[in-house]
Amino acid sequence: MMFLRIIITICAIFPLITSAKPTIDERDVARMLKRLDSELERCDIYIESRTHTIDSLKSLLSNRKLTESEQIRLMFQIGEEYNAYKVDSALIFYNRGYEMSKEHGNDSIRTRFAIKRATFMPLLLFITNAQSIMDSISEASVPKGMKAEYYDARRQMYNYISNFYSDYSEVYREYREIESQKALIKELNHETPQYRLNYVEHLFYSRKFDMAERELTSLVADIDDKNPLYARACHLLSDISNVNGDYHGRIYYLALSAISDIRCATLEVSSLQELGRLLYSRDDIKRAHDYLSHALQNAVNCKVALRIIQTSQEMPIIENAHRSQIQSFRTRIFVVIAILAVLLIALYLTFKTVKKKNEIQHRMSSKLAEANRTKDVYLSQFLNLCSTYMDNLNQFSKLVNRKISAGKGEDLLKLTKSGKFVEEQSKEFYRIFDDAFLHIYPTFVEDVNSLLLPEKKLTMRDGEKLNTDLRILALMRLGIEDTSRIAQMLNYSVYTIYTYRNKFKSRAIDRDSFEEEGMRIKSISDNIGLFRPSSVLFSPISIV
């Protein structure tokens, strides 16, 4: 018994499980809107195809060999092609066909033209004329084979009229006639998509939404999206989603309906218009503006006054929102441009600073290289001086040994008393010292002269680099300030050095600060913080 209950329960819930409609989420909506955007870009292709079909039929109509009945049939066919594409042109051909059918006494085809005229006149605001024409056609006079067409025409005409009163529920319900649809359903073959759609629509207006949704979902799966019934079915699914509070489903099916309208080159549309309003409510301003602009352009091209009025009511609000959005984008662009400008200025200043630092570094590198060369020369000359003195000392020692061994002590005494040997060594020392010092202080003479009175400035003789005054100051600049040490190095007495120093001071612009200012004379290396020659390097000279 328990097993039987389980089987019954499974059988009861299985149809509900299999018929469950997949949930439509935000990603599905985004995908469908993207597809709609793509189709909008290709709408000219579909319109061109429909125009080509109409032009082909018109070229056939110009054939004079056609009989009146063939011409009437072509006019009806052209009118059908103009339906939902260019309503005014459709009415022109319906009127021409109606007049021609009156002349040739074809009551059946004349009724068909009259029905079509009445169906589409409300779109051009000829509401009274449409009702008069439709009321003039008695139901009994309609041939049996045209009953379905007649009821469908009445349903569609009153549907158009009711759209004018969508804001007035009582009037809207009055024109939303369902009796014609009931009669239409009885006339249709139950296997046709037209029957299924009208049956579902009747279920919808009877508020049987769940049943209507299941049937519509099945119908949409069975027909092609280039079938005009497809757009109508999707629009009805959108209305059911609205009733169920399914916001995503409403947008999704409106987009599907709009895509079908575009692929069928249908310009008399409401789906794109409604979709634009919905997207505006969710702040998708750009799409809302694009869709409503496209819907308005379609309505103008189709000459459908109803759609022009409906779309025009929405456009000012969305246009203002779109303009505000564009202004916001412009403001952001200006802010971005301003930020980029500041960054470019900062980049330029950084580049300029880096370039300046590179130039300074290059100059410092050049000075460093020059200082290194000066140091090399200085060390080379210092080593050369040491080598010379060692060689001279060695030679002098050999000379002393020979003189003493030969018993010529008197000759040795004469040699040392004459001072000639010391004088020669001093000249060599001066030459090497002058060269080395001026390599380190190349502007020393000019700098010293800048401290002297104009009439007391020093002038070097030809071939002379430094004189005794300058050598004394040079040794002091090198840190050798002890007078006895200076006297020893230059082979002068201490008194002579004092005399030279006092005499030099008397020629200075500022006697008291002369030697201090002389100590501040800069070398090549002082400008870049390198080594300063020290008196230690000249300590070997004291062996002279």
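This text gives an overview of the structure that appears in the document. Quantities reported herein were computed from a predicted structural model and do not represent experimental measurements.

## A closer look at the overall build of the protein
Summing up its helical and strand segments, the protein has 24 helices and 0 strands in all. Buried residues in the protein amount to 41% of all 544 residues. Across the protein, every contact between residues at least 6 apart in sequence was considered, and the portion connecting residues at least 24 apart equals 65%. Carbon and sulfur atoms form 55% of the exposed surface of the protein, whose accessible area is close to 30,900 Å².

## A word on the packing of helix H2 (residues 26-41) against helix H16 (residues 285-302)
Contact pair H2 / H16: the axes reach a minimum separation of 12 Å and the direction vectors enclose 40 degrees. What the angle tells us is that H2 and H16 run oblique. Note that H2 runs across H16; the crossing there is left-handed. Between H2, through Leu33, Lys34, Leu36, Asp37 and Leu40, and H16, the contact on the second element is made entirely by Arg287, Tyr291 and His294.

## Structural notes on the environment of serine 426
For serine 426, the location among the structural elements is in helix H19 (residues 420-440). Here the alpha-carbon distance between serine 426 and asparagine 491, two residues 65 residues apart in the chain, equals 7.3 Å.

## Observations regarding a positive patch on the surface
A cluster of like positive charges, contributed by Lys58, Lys86, Arg96 and Lys303, occupies part of the molecular surface. Relative accessible area serves as the criterion here: at 31%, lysine 86 is assigned to the partly exposed category.

## Quick notes on the pattern of salt bridges
Following the criterion strictly, the structure yields 24 salt bridges and no others. Two residues, arginine 196 and aspartate 222, come together in a salt bridge whose shortest N-O distance is 3.1 Å. Placement of arginine 196 in helix H11 (residues 193-205) and of aspartate 222 in helix H12 (residues 209-222) is noted, with a sequence separation of 26 residues between them. A salt bridge links aspartate 284 to arginine 287; its shortest N-O distance comes to 3.3 Å. In this structure arginine 287 comes out as partly exposed when scored by relative accessible area, which is 23%.

## Describing helix H15 (residues 271-281)
Most of H15 is tucked away: 8 of the 11 residues are buried. Among all positions in H15, only Ser271, Leu272, Gln273, Glu274, Leu275, Gly276, Leu278 and Leu279 are buried. Within two residues after H15, aspartate 283 carries a phi angle of roughly 65 degrees, on the positive side.

Rules and cut-offs
- Residues numbered from 1 in each chain as written.
- Predicted model: local features only at pLDDT ≥ 70, side-chain atom pairs only at ≥ 80, totals over all residues.
- Heavy atoms only, no water.
- Helix = DSSP H or I, 4+ residues; strand = E, 2+ residues; numbered from the N terminus.
- Buried < 20%, exposed > 50% of the residue type's maximum accessible area, 1.4 Å probe, protein only.
- Contact = heavy atoms within 4.5 Å.
- Areas by Shrake-Rupley, 256 points an atom, 1.4 Å probe, with all protein chains shown as cover.
- Axes fitted to C-alpha atoms, helices over the stretch in contact; angles between N-to-C directions.
- Parallel < 35°, antiparallel > 145°, perpendicular 65-115°, else oblique.
- Left-handed = near helix turned anticlockwise from the far one by under 90°.
- Patch = residues over 30% accessible without salt bridge, like charges linked within 9 Å, V, L, I, M, F, W, Y side chains within 5 Å.
- Salt bridge = Lys/Arg side-chain N within 4 Å of Asp/Glu carboxyl O.
- Lys, Arg positive; Asp, Glu negative; His and termini not counted.
- Charge placed at Lys NZ, Arg CZ, Asp CG, Glu CD.

By themselves, these figures tell us nothing about what the structure is for.
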